[in-house]
Every structure is written in C-alpha cells, then in structure tokens.
Amino acid sequence: MSNTVKNNPIVKAILSSSRILVLLVLVIFFTAVTKGTFFSYKNLVNILYSVSLIGIMICGACFAVLLGGIDRTVSGNAALSGAIVAMTILRGGVGGGNVALAICLGLGAGILSGLIHGLILSRFNIPAFLLTLATNEILYGFVQLVTSNTLIYVNGCTLMDYIGQKRWLGIPIPVYIMLVCILFAYIVLNHTVYGRQVYSVGGNRQSSELSGVPTRRVILIAYIISGFMGALSGFVLSSMNQQASAGQAKNYENNVLAAIVVGGVSMRGGSGSIQNAILGAFLIGVIENGMNLMGVPAIYKDMAKGIIIIVAVAMDMATQPGTPLYNFKKRFQKKQA
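Residues numbered from 1 in each chain as written. Predicted model: local features only at pLDDT ≥ 70, side-chain atom pairs only at ≥ 80, totals over all residues. Heavy atoms only, no water.

Brief notes about the overall build of the protein
Along the protein, the regular secondary structure elements total 16 helices and four strands. Counting across all 337 residues of the protein, residues that qualify as buried make up 47%. Summarising the internal contacts of the protein: among those between residues at least 6 apart in sequence, 75% fall at separations of at least 24. Entry remark: accessible area of the protein is about 16500 Å², with carbon and sulfur atoms responsible for 66%. (Helix = DSSP H or I, 4+ residues; strand = E, 2+ residues; numbered from the N terminus. Buried < 20%, exposed > 50% of the residue type's maximum accessible area, 1.4 Å probe, protein only. Contact = heavy atoms within 4.5 Å. Areas by Shrake-Rupley, 256 points an atom, 1.4 Å probe, with all protein chains shown as cover.)

As structure tokens, this is what we get:
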C-alpha cells in the first residue's frame, strides 16, 4: 500500500478500527450472497430505520455502562413513555396543547425513573444489574395495569404521524432523532467536564471521590440521561407503530447491551466511546438484516447474537489486567516471543 493511501484520513480511520473493518467485510459478504439486494438503497435505509431505536437507547444506557453500572430499564421506560403518551392523547384529543402535555408526561416518566435509580445506586451498595432488572419488570407490570394489557391506538396525531411515517431527503425521521442523540452524547462525553468525570468515576470511584469529583451527582445525572433516552425511544416507537402496548420494546435492553459490549465499551467502566457503541449497533443490525435476507430461521439469529456477545466480552476481559484471559494472553505472547 502506497504512503499516499496510508496517509489518507479515511483509510487511517478504517484501518484503526477493527469494527469498521468487520462491518465492511460483512457488507461485502451479504451483498455477494444476496446478489446485490443487501447493498440496495432501500435495504440500507431499512437498516438505518431498524437501528435508530436501539441507537437512541444506547445514547443513554452508555452513560451507565461507562460508570461500571448497567441500566436494563431502557425498554421498560420506553414502554411506560409510549403508553403514557398514547393514553393522554386518546383521552384528551390530538390538539397541540394536549399532544405537548402527553410528550412531556411521557419523557417526564423516564426522567423520574432515572432519578429514582440514580438516587438509589449513588447512595446504596446495590448492584445496578439486580436493581434495574427488578425495576424493569415492575415498569412492565405497571404498564400492563395502565393499559389493561390492550393495544392503545393513536390516530390523527400529526406530530406522531410525521415522526413515524414521513421521510426527509429519503431518510426516516427516527434516524435524524438518533443522530441528534448521538451528537448530544458525543459532546457531553468528550467535550464537557461532566464527561471526563464519567470516565473518572467509571475507572476508579474511590480515587475520584478523593480527587473531589462529586460521584453521587455524576451517577445521578447518568441514570437521568438514560431514563430520558429510554422514554424518548418509547415515544418514537409509538409514533412508528401508531400505537402503544404493554409489551412495547420488550427485550430491547438485550440488544442495547449487546451493541454496547460489541462496540468495545468495557462493562467494568471507564473505557469506551459512544461512537464505537453505535458501530456495535450497526454491526448487529447488519448481521440481523443479512440473515433475514438469506432466510435464516430466527433461532439461529439469536444463537449468532449470543456468540457475538460472548466473543465481545472475552475480548474485553482479555484487555483487563488480572483476569484469567488477560494472563493467558500474556503467557501466549511470551511463548511466541
């Protein structure tokens, strides 16, 4: 490869990221197997559309993971927000004032959920996984009570119809909402004091406290952001479907966490980036879409996703000093030297 090509910034970016290389290989593979159908404009837009909801959720959940925690309530917050918005519109009509109230209530529910989780996790030594696993089930149970476990249809709402059905320059509106969320998360994590504090607390909470970092406030804000993004995704999902249900976004949290891990964000906290987490979402989205086009049964798609997560976690563990995989890698490298 010539020096001119090597010094090209685009080539440098591709070569420096194994995820981009994997993504390119997958695109080439599926394009060849599906005889060009995969790389069609329509299918690429479909991938963007399918990834948009997960992408919005990642922009919130990534904050919790960078702190060394986890937030499995992103899907529960989505279901609750969607139900609140749909029921408020159903009872109060599609007038501008009522729609605004519905959206505020839906997003407010997600913020409140994040506030409660942040307060508990910042003050009590409770594993985030167990807390959010339990509260996610509580949220879904509450949504079932509110909706009487029935579909809530939203018809005639101009804003929800625009978000869910319209396109701008050929791209669905949810994709633009995802891009705005990515930009927000990127700026906060990379260009603010709070972003540096997130990485600091995730890397070593005790050292951060000794350095004067307000760790409780950092954790609180992170879970509020996660709750808000979960609720926003619920509103977008209800707009897409023109309805809300008690099971809305069920198990989406698994796809969110899979994408974050595949994107190289360490589950131990303090390491990773929002852009790589989004790349992880696209990797999974490309694989799922390609297997759909190939007619692969759903059971094999789930198995493939599970294998991908295991490999990603193993790679993460191999970079953490003191872990068995890290020690094995070092011994192997010494033998090869």
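Remarks on empty space enclosed by the protein
As enumerated under the stated definition, the model contains one cavity of 30 Å³ or more in all. One number sums up the size of the largest cavity: a volume of about 30 Å³. Lining of the largest cavity is provided by Ile284, Ile287, Glu288, Met291, Lys301, Ala304, Lys305 and Ile308. For the lining of the largest cavity, the secondary structure elements donating two or more residues are helix H14 (274-293) and helix H15 (298-317). Taken together, the residues that form the lining of the largest cavity break down as five nonpolar, no polar and three charged. (1 Å grid on protein atoms, 1.4 Å probe; cavity = no way out; pocket = protein on both sides within 12 Å on 5 of 7 lines; lining within 4 Å. Points joined across faces, edges and corners; volume = space filled by probe spheres on them. Nonpolar A, V, L, I, M, F, W, Y, C, P; charged D, E, K, R; others polar.)

A short note on the pattern of salt bridges
Tallied over the full model, the rule gives three salt bridges. As a salt-bridge pair, Arg72 and Glu253 come within 3.5 Å of each other at their nearest N and O atoms. A residue pair is termed long-range when its members are at least 10 positions apart, and Arg72 in the loop between helix H4 (41-66) and helix H5 (74-92) and Glu253 in helix H13 (residues 252-262) qualify at 181 residues. Residue classification places Glu253 among the buried residues on the basis of a relative accessible area of 6%. Between Lys250 and Glu137 there is a salt bridge whose closest N-O contact spans 3.8 Å. In this pair, Lys250 is assigned in the loop between strand E4 (243-244) and H13 and Glu137 in helix H7 (residues 128-147), connecting sequence segments 113 residues apart. (Salt bridge = Lys/Arg side-chain N within 4 Å of Asp/Glu carboxyl O.)

Digging into the side chain of Ser208
Mapped onto the fold, Ser208 is located in helix H11 (residues 205-210). Contact partners of Ser208, with chain neighbours within four places excluded, come to Ser200, Val201, Val213 and Thr215.

Considerations on the nonpolar core
If you look at the biggest cluster of nonpolar residues, it comprises 96 residues, and the most contacted ones within it are Ile58 and Phe63. The dominant element in this core, judged by the number of residues it contributes, is H4, at 15 residues. (Core = buried A, V, L, I, M, F, W, Y, C linked by side-chain atoms within 4.5 Å.)

Considerations on the layout of surface pockets
Approximately 400 Å³ is the volume attributed to the second largest pocket. Lining the second largest pocket are 22 residues, and of these Ser50, Val51, Ile54, Asn255 and Glu288 sit closest to its centre. Contributing elements (two or more residues each) for the lining of the second largest pocket: H4, helix H12 (215-241), H13 and H14. Looking at which element gives the most residues to the lining of the second largest pocket, the answer is H4, with seven residues. Residues belonging to the lining of the second largest pocket are distributed by class as follows: eleven nonpolar, eight polar and three charged.

What about the packing of aromatic side chains?
Here the structure, examined in full by the defined rule, presents four aromatic pairs. Following the ring pairs from residue to residue traces out a cluster consisting of Phe29, Phe30 and Phe38. Here the basic side chain of Lys250 rests over the ring of Tyr140, its NZ or CZ set 4.1 Å away from the ring centre. (Phe/Tyr/Trp six-rings, centres within 6.5 Å; stacked < 30°, edge-to-face > 60°. Lys NZ or Arg CZ within 6 Å of the ring centre and 35° of its normal.)

Quick notes on the packing of H13 against H14
Put simply, H13 and H14 touch, their axes get as near as 7 Å, and they point 115° apart. As H13 runs across H14, the sense of the crossing is right-handed. Along its contact with H13, which presents Asn255, Ala258, Ala259, Ile260 and Val262, the element H14 presents Ala277, Gly280, Ala281, Leu283, Ile284 and Glu288. By residue class, the composition of the contact of H13 with H14 is eight nonpolar, two polar and one charged. (Axes fitted to C-alpha atoms, helices over the stretch in contact; angles between N-to-C directions. Left-handed = near helix turned anticlockwise from the far one by under 90°.)

A word on the packing of helix H10 (residues 193-203) against H12
Packed helices, taken two at a time, are described by the angle between their axes plus the distance between the axes. Here H10 crosses H12 at 105°, and the two axes come no closer than 10 Å. Judged by the angle between their axes, H10 and H12 are roughly perpendicular. Contact with H10, carried on its side by Tyr194, Gln197, Val198 and Val201, involves Thr215, Val218, Ile221, Ala222 and Ile225 of H12 and no other residues of that element. (Parallel < 35°, antiparallel > 145°, perpendicular 65-115°, else oblique.)

Thoughts on the side chain of Ser122
Along the chain, Ser122 turns up in helix H6 (residues 96-123). At 3.1 Å, the side chain of Ser122 and the side chain of Arg123 are in polar contact. When sequence neighbours within four positions are dropped, the list of residues in contact with Ser122 reads Arg205, Arg216 and Ile219. (Polar contact = N/O pair within 3.5 Å; in protein donor to acceptor, adjacent residues only side chain to side chain.)

Observations regarding helix H9 (residues 173-191)
Every α-helix carries 3.6 residues per turn, so stepping three or four residues along brings you back to the same face. Taking 1.5 Å per residue, 19 residues should reach 27 Å; H9 reaches 27 Å between its end C-alpha atoms and fits that length. Those residues of H9 that sit buried are Ile173, Pro174, Val175, Ile177, Met178, Cys181, Ile182, Ala185, Val188 and Leu189. (Expected span 1.5 Å × (residues − 1).)

Here we look at the state of the cysteines
This structure, assessed with the given rule, holds zero disulfides. Left unpaired, Cys59 is separated from the closest cysteine sulfur, that of Cys181, by 5.3 Å. (Disulfide = S-S within 2.5 Å.)

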